[in-house]
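Residue-level structural notes
Chain by chain, the residues run as shown.
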Amino acid sequence: MQGEEQYSDSLDEFIKEITLWYENDHEGLKTMYDAAVKHVVPYPEDTPIEVQCDWKDRDFDFLCEFFREWYDWHPGVNNGLDYIEKFSWLTYENDYGMVFATSGPGYKMTADFTHLQGLQMDADTPESQELIEKWVKELGTKRMADYRPGPWNSFNDFFIRQLKDGKRPIDAQDDDSVVVAPADCVINMIVDDLTETTPIPVKTVTMNVKQLLENSEHAQRFLGGTAVSCILMPDSYHWYHSPVRGEVVEARDDIGGVYYGMRDFPELLNKGNVGYGYDYAMFDNFRRGYVIIKTRYLNVEGKPDGEGYVGVVPVGLNSIASVNFLEKFKSPIKKPVPVEKGEQIGNFMYGGSLNILLFEPGRFPALQLLQGQRIGVLEQLKRSAGLFTGAYHTQSRRRRPLAP
């Protein structure tokens, strides 16, 4: 793993290499890790025992053993975030932890471990099949009835399982004014006055649209516009689709970025109101892609009234969470590619993920529903407890301001 594109072939090789890095303080790994654990902020007292992990003054052997346990762990439907959350206490409100996890050798370390997890999830092994059986059982026949039956060759193959025809009918297919959900997701408005370069707080959140779109020439179209968060749960359908009909005029599926390093990961879950009030400024540093769609606006008579643009930004958060586009949408886009409302664009493999939708000023002022349309589900208590709720999912307990 001498460069960002060269990875370890096994967990033992990975542990051996990062141990040598620590012993030799390679690129400052020892210095940064020691500073990170020295400045650990205690997790809230009401944190459930299953996601507790005390990183305070832990030696490097503790980190290596943590990676071994994580690698051998088989996530379930309702506890798939547990090890991500345990690792997040190293960066929780901890500037030194953030530096360690998101830069230099710490970044290379998390990239290499993520690659190993990806190989593990891609493998056709008895362990992978056992994990699939576990998830199918925990999801239950009612939810699995939405999907095409297996067999699946690997856990990632299962994770991006396809829906049966007709299971997600597209609303108002022929009405270009209607925007549909890009995925099975939890939706929140983020920002309703986007800025180009300066992250100005709006409703306690910030976003740099120019950086989010990697300095795309289309970024300026969304200044003063709206961003909408569409967060996918680990047990959800993991393909993302076009929210509108039009033409894809620009796409990127190769924007690098960090794998871990949320300053307050538990706050993202926020007692079931996932993502509300969260500081999204960090997401323009995560691995991501984007699609810019040119679409039609309609007048009151339903006739064309000019053209505009909608942005779809898939963001791979923690763990594997790859951003995979179908071939027709891969960059570079040499000429506009027609796309239908509800058409598949790509998928995320195992890990945390979200889509951020971008709209031009005044075009998407609020989430609006018609009578009789779905607004949510009456949850199973076990799923709510595992993915949405908990006393520790509270508003930020930030003890000091973010470092400049």
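All values derive from a computational prediction rather than experimental measurement.

About the cut-offs
- Residues numbered from 1 in each chain as written.
- Predicted model: local features only at pLDDT ≥ 70, side-chain atom pairs only at ≥ 80, totals over all residues.
- Heavy atoms only, no water.
- Core = buried A, V, L, I, M, F, W, Y, C linked by side-chain atoms within 4.5 Å.
- Buried < 20%, exposed > 50% of the residue type's maximum accessible area, 1.4 Å probe, protein only.
- Helix = DSSP H or I, 4+ residues; strand = E, 2+ residues; numbered from the N terminus.
- Contact = heavy atoms within 4.5 Å.
- Pairing = 2+ DSSP bridges.
- Axes fitted to C-alpha atoms, helices over the stretch in contact; angles between N-to-C directions.
- pLDDT = per-residue confidence, 0-100.
- Expected span 1.5 Å × (residues − 1).
- Arc of directions from axis to C-beta.
- Polar contact = N/O pair within 3.5 Å; in protein donor to acceptor, adjacent residues only side chain to side chain.
- Left-handed = near helix turned anticlockwise from the far one by under 90°.
- Nonpolar A, V, L, I, M, F, W, Y, C, P; charged D, E, K, R; others polar.

This part covers the nonpolar core. Of all hydrophobic cores here, the largest spans 54 residues; its most connected members are Trp55 and Leu358. Take this core: its biggest share by element is 7 residues, from helix 3 (residues 60-72). Apart from the residues within four sequence positions on either side, Leu358 is in contact with Leu194, Val209, Leu212, Leu213, Phe222, Thr226, Ala227, Tyr309, Val310, Gly311 and Val313.

Moving on: the sheet that holds strand 7 (residues 323-325). Strand order in the open sheet made by the 3 strands is 3-9-7, with antiparallel pairing throughout. The two strands at the open ends of the sheet, each matched to only one other strand, are strand 3 (239-241) and strand 7. Looking at each pair of strands side by side, their axes are set apart by 30° on average, direction ignored. The pairing of strand 3 with strand 9 (residues 344-348) spans 3 bridges and is classified as antiparallel. In the strand pairing of strand 9, Tyr240 is matched with Gly346.

Residues at a pLDDT of 70 or more form 81% of the chain, whose mean pLDDT is 83. Across the chain, the element-wise mean pLDDT spans from 47 in helix 10 (residues 265-269) up to 98 in helix 1 (residues 11-24). The low-confidence segment residues 261-279 (pLDDT under 50) makes 88 contacts with residues lying over four places distant or belonging to another chain. Here residues 390-404 is modelled with pLDDT under 50, and outside its nearest four sequence neighbours on either side it reaches 46 contacts, counting other chains as well.

Attention shifts here to helix 3. For helix 3, with 13 residues, the first-to-last C-alpha span of 19 Å sits near the 18 Å given by 1.5 Å per residue. For helix 3, the complete set of buried residues consists of Phe60, Leu63, Cys64, Phe66, Phe67, Trp70 and Tyr71. Each buried residue of helix 3 sits inside an arc of 155° when the element is viewed along its axis, so together they form one side. Exposed and facing more than 90 degrees away from the buried side of helix 3 are Asp61 and Asp72. Tucked inside the fold, the buried residues of helix 3 contact helix 1, helix 2 (29-38), helix 4 (82-88), helix 5 (95-102) and helix 6 (104-122). The N-capping residue of helix 3, defined by a side-chain oxygen 3.3 Å from the backbone nitrogen of Asp61, is Asp59.

Moving on: the packing of helix 2 against helix 5. Relative orientation of the contacting elements helix 2 and helix 5 amounts to 145°, with a least axis distance of 8 Å. For the element pair helix 2 and helix 5, the recorded crossing hand is left-handed. Judged by residue contacts, Leu29, Met32, Tyr33, Ala35 and Ala36 of helix 2 engage Tyr96, Gly97, Val99 and Phe100 from helix 5. A per-class count over the contact of helix 2 with helix 5 returns 8 nonpolar, 1 polar and no charged.

Put simply, Gly150 and Pro151 share a cis peptide bond, and its omega is 15°. Residue Ser331 is joined to Pro332 through a cis peptide bond whose omega torsion reads 0°. Note that Pro332 resides in the loop between strand 7 and strand 8 (337-339). The phi torsion at Glu27 lies on the positive side, around 55°, for a residue other than glycine. Its relative accessible area of 44% is what places Glu27 among the partly exposed residues. Backbone geometry places Glu214, a non-glycine residue, at a positive phi of 50°. Following the sequence through the fold, Glu214 ends up in the loop between helix 9 (209-212) and strand 2 (226-232).

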